Amino acid sequence: MMPFSVNGILCTLALLLLWRAEELAEACSCAPVHPQQAFCNADVVIRAKVVGEREVDSGNDIYGNPIKRIQYEVKQIKMFKGPNQDIEAVFTAPVSAVCGVTLDATGKKEYLISGKAESGGRMHVTLCDYIMPWDSLSTTQKKSLSQRYQMGCECKIVRCPSLPCEISAPEECLWTDLMIEKQVHGRQANHYACVKRADGSCSWYRGVAPPKKEFLDAEDP
């Protein structure tokens, strides 16, 4: 009977471990956002290379256990939004199950990194923040980071959950990529910004040059 009992216990433990792994895998859940909305929500948005990586202690939890974080050392190339000092370190959780971000720390890849500000030239990022390889961004997205996204931060980008859908206020832009193209990085995300018009309403704008002050119309997607 003993071998059977041991095997039963081992099977139970294996099932518990599998259940726990599935629970952790589902622990980090993020609602999709348009790049402009991610920019407006972030404290810091930078273009940078990651040149180092190490695990560090960040205090203790309520039970006295050490809190681990990954510290990425970064070389900032450009700041689009943030404090009046370069960002030198980016912190994140150690595993993706708790929204930790994995970055290439060889210094060979440039990233657009958005996240929350911390003191001393540091920031914290999660999987819910907008973090993309720089080369994967469209030309419109790169240009919008410098001025157009900021111009639209008073606007609200509303995700279309099902068709038909419509805006409920004049300061809203309807984001339909997920519904029509079945992807987050669709035409609106890659090529459009939601910008305020002279009359206070907001509308999608597409173009290389920033909208004029008297902007009254747009190319609707």
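About the cut-offs
As a convention, each chain's residues are numbered from 1 in the sequence order in which they are written. For a predicted model such as this one, the threshold for reporting local features is a pLDDT of at least 70, and the threshold for listing and counting side-chain atom pairs is 80 or more; totals across whole chains, interfaces and linings nevertheless cover every residue. As a rule here, side-chain values cover all heavy atoms of the structure and leave hydrogens and water aside. Only a pair of cysteine sulfur atoms within 2.5 Å qualifies as a disulfide here. Only DSSP runs of H or I with at least four residues qualify as helices, and only runs of E with at least two residues qualify as strands; both kinds are numbered from the N terminus onward. We call a residue buried when its accessible area falls under 20% of the maximum for its residue type, exposed when it is over 50%, and partly exposed in between, using a 1.4 Å probe and counting protein chains only. Neither His nor the chain ends contribute to the count of charged residues, in which Lys and Arg are positive and Asp and Glu negative. Criterion for a salt bridge: a side-chain nitrogen of Lys or Arg within 4 Å of a carboxyl oxygen of Asp or Glu. Whenever two N or O atoms come within 3.5 Å, that pair is a polar contact, provided that in protein one can donate a hydrogen and the other can accept it, and provided that, for residues adjacent in sequence, both atoms are side-chain atoms. Space inside and on the surface of the protein is sampled on a 1 Å grid over the protein atoms alone, with a cavity defined as a set of points where a 1.4 Å probe fits but cannot get out and a pocket as an open set with protein on both sides within 12 Å along at least 5 of 7 lines; lining residues have an atom within 4 Å of a point. Grid points are joined across faces, edges and corners, and a volume is the space filled by probe spheres set on the points. Here the nonpolar group is Ala, Val, Leu, Ile, Met, Phe, Trp, Tyr, Cys and Pro; Asp, Glu, Lys and Arg are the charged ones; every other residue, Gly included, is treated as polar. Should DSSP find at least two bridges between two strands, the strands are regarded as paired. UniProt positions are given in the numbering used here, feature names are shortened, and annotations may be inferred rather than shown by experiment. In what follows, a contact means two residues having at least one pair of non-hydrogen atoms within 4.5 Å.

**A word on the state of the cysteines**
And then number 1: What the rule picks out here adds up to six disulfides.
And then number 2: With a sulfur-sulfur separation of 1.9 Å, Cys 30 is cross-linked through a disulfide to Cys 128. Taking the sign of the S-S torsion, -80 degrees for the link of Cys 30 and Cys 128, the bridge is left-handed. Placement of Cys 30 in the loop between helix H1 (2-25) and helix H2 (35-41) and of Cys 128 in the loop between strand E5 (122-124) and strand E6 (131-133) is noted, with a sequence separation of 98 residues between them.
And then number 3: Under the relative-accessibility criterion, Cys 30 is labelled partly exposed at 31%.
And then number 4: Between Cys 155 and Cys 202 runs a disulfide, and the two sulfur atoms are separated by 2.0 Å. Every disulfide takes its handedness from the sign of the S-S torsion; for Cys 155 and Cys 202 that torsion is -85 degrees, giving left-handed. With Cys 155 in the loop between helix H4 (148-151) and strand E7 (156-159) and Cys 202 in strand E10 (residues 202-205), this pair connects stretches of sequence that are 47 residues apart.
And then number 5: Note on Cys 155: relative accessible area 5%, which makes it buried.
And then number 6: On the basis of relative accessible area, Cys 202 is assigned to the buried category, the value being 8%.
And then number 7: Shown here for the chain is a disulfide pattern of 1-4, 2-5, 3-6, 7-12, 8-9, 10-11, where each number marks a bonded cysteine counted in sequence order.

**A look at the side chain of Asp 177**
And then number 1: Here Asp 177 is to be found in helix H5 (residues 177-181).
And then number 2: One buried charged side chain, Asp 177, makes no salt bridge at all; its nearest oppositely charged neighbour is Arg 187, positioned 6.3 Å away.
And then number 3: At a separation of 3.4 Å, a polar atom in the side chain of Asp 177 contacts the main-chain amide nitrogen of Arg 187.

**Considerations on the layout of surface pockets**
And then number 1: The volume enclosed by the largest pocket comes to roughly 200 Å³.
And then number 2: Lining of the largest pocket is provided by Cys 30, Ala 31, Pro 32, Val 33, Leu 127, Cys 128, Asp 129, Tyr 130, Ile 131, Met 132, Val 184 and His 185.
And then number 3: Classifying every residue of the lining of the largest pocket by side-chain character gives 10 nonpolar, one polar and one charged.

**Comments concerning unusual backbone geometry**
And then number 1: With omega at -5 degrees, the peptide bond leading from Leu 163 into Pro 164 counts as cis.
And then number 2: Tracing the chain through its elements places Pro 164 in the loop between E7 and strand E8 (172-175).
And then number 3: A positive phi angle is found at Cys 99, which is not glycine, with a value near 70 degrees.
And then number 4: Tracing the backbone shows Cys 99 in the loop between strand E3 (89-92) and strand E4 (110-118).
And then number 5: Although it is not a glycine, Lys 182 adopts a positive phi angle of roughly 60 degrees.

**So, the pairing of E4**
And then number 1: Inspection of the sheet shows strand E1 (residues 44-60) paired to E4 by six bridges, in the antiparallel sense. Note on E4: the bridge partner recorded for Val 45 is Ser 114.
And then number 2: Taken together, the three bridges between E4 and E5 define a ladder with antiparallel strand orientation. By the bridge assignment for E5, Lys 116 is matched with His 124.

**Here we look at the UniProt feature "binding site: Zn(2+)" (unreviewed entry) in the chain**
And then number 1: The residues that UniProt annotates with the feature "binding site: Zn(2+)" (unreviewed entry) are Cys 28.
And then number 2: Secondary-structure assignment places Cys 28 in the loop between H1 and H2.
And then number 3: Looking at Cys 28, the relative accessible area reads 17%, which means it is buried.
And then number 4: What Cys 28 contacts, discounting residues up to four positions off in sequence, is Ser 96, Ala 97, Val 98, Cys 99 and Leu 127.

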